[in-house]
Amino acid sequence: MSRRRVLGLAALVVATVVVGVSLRTHGAAPEPASPDSSGTVSFDHTIHAGEYGMPCLSCHVYAAQSSSAGLPSARKCMGCHKFAAKDKPAVQALAALFEKGEAPRWQRVTRLPDFIYFSHRMHVRSKIDCAQCHGDVKAMHTVRMVVNMNMGFCIDCHSEHNATVDCVACHK
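Here the structure is a predicted model, which means the values were calculated and not measured.

The rules behind these values
Residues numbered from 1 in each chain as written. Predicted model: local features only at pLDDT ≥ 70, side-chain atom pairs only at ≥ 80, totals over all residues. Heavy atoms only, no water. Salt bridge = Lys/Arg side-chain N within 4 Å of Asp/Glu carboxyl O. Buried < 20%, exposed > 50% of the residue type's maximum accessible area, 1.4 Å probe, protein only. 1 Å grid on protein atoms, 1.4 Å probe; cavity = no way out; pocket = protein on both sides within 12 Å on 5 of 7 lines; lining within 4 Å. Points joined across faces, edges and corners; volume = space filled by probe spheres on them. Helix = DSSP H or I, 4+ residues; strand = E, 2+ residues; numbered from the N terminus. Arc of directions from axis to C-beta. Contact = heavy atoms within 4.5 Å. Lys, Arg positive; Asp, Glu negative; His and termini not counted. Polar contact = N/O pair within 3.5 Å; in protein donor to acceptor, adjacent residues only side chain to side chain.

K.L.:
I'd love a proper account of the pattern of salt bridges, names of residues and values included.
P.N.:
With the rule as written, the count across this model stands at one salt bridge. With a closest N to O distance of 3.1 Å, Asp136 and Lys138 form a salt bridge. Looking at Lys138, the relative accessible area reads 48%, which means it is partly exposed.

K.L.:
For empty space enclosed by the protein, give the residues involved together with the corresponding values.
P.N.:
One pass over the full model with this rule turns up one cavity of 30 Å³ or more. The volume enclosed by the largest cavity comes to roughly 100 Å³. Every residue along the wall of the largest cavity is listed here: Phe118, His120, His123, Val124, Ile128, Asp129, Cys130, Cys133 and His134. Those elements that place two or more of their residues in the lining of the largest cavity are helix H6 (120-125) and helix H7 (131-134). Residue contributions to the lining of the largest cavity peak at three residues, all from H6.

K.L.:
Which residues make up unusual backbone geometry, and what are the values?
P.N.:
The phi dihedral of Lys127 is positive, around 60 degrees, even though this residue is not glycine. Structurally, Lys127 is set in the loop between H6 and H7. Of note in the backbone geometry, Asn162 takes a positive phi value of approximately 55 degrees without being a glycine. Residue placement: Asn162 occurs in the segment after helix H8 (151-160).

K.L.:
Any chance you could break down helix H4 (residues 74-81) for me, citing the residues and the numbers?
P.N.:
Those residues of H4 that fall on the buried side of the exposure criterion are Ala74, Cys77, Met78 and His81. The buried residues of H4 occupy an angular sector of 100 degrees when the element is viewed end-on, so they sit on one face. Tucked into the core, H4 has its buried residues touching helix H2 (45-51) and helix H5 (89-100).

K.L.:
Can you lay out the side chain of Asp44 for me, pointing to particular residues and giving the numbers?
P.N.:
Here Asp44 lies in the loop between helix H1 (3-25) and H2. The charged side chain of Asp44 is buried without a salt bridge, its nearest counter-charge being Arg144 at 9.7 Å. Here the side chain of Asp44 touches Thr46 through a polar contact of 2.5 Å, side chain to side chain. Those residues within four positions of Asp44 in sequence are excluded, and the remaining contacts are Met140 and His141.

Written as structure tokens, this is what we have:
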């Protein structure tokens, strides 16, 4: 192999390591929710998950079977709210959306970069507690990011749980 080729390969290896360390250390900053995605109905996790102890999978019904956790439909919410807390303004706003056949727009909290593949299903099946990534949601009036879900955070967790750290498991 020529000296030029060896130097080129060495430079490529060094660049790859630098990018990997940078992503592990700094990661992709979470994107703030865009103004047009703000929720039309307020939602307080301290009531549903906290006071009533509703498990995450009660509302995020796709988490056990899909890459996406899913968000509840107005129909799902109205299953209880046709009886409970009907006098509350937020429930009345939800009922109005339901009557018009419109879906509530929930504020996005977490967004991973497009080159990342993440499966809620795999994490639910592995019995990873939702709070490990999302924090103590049952104590949050407004859900917010509590950890920087960067590559370092994920690799540390994967290592701790003896999960794969193979690049293709998460990178598309």
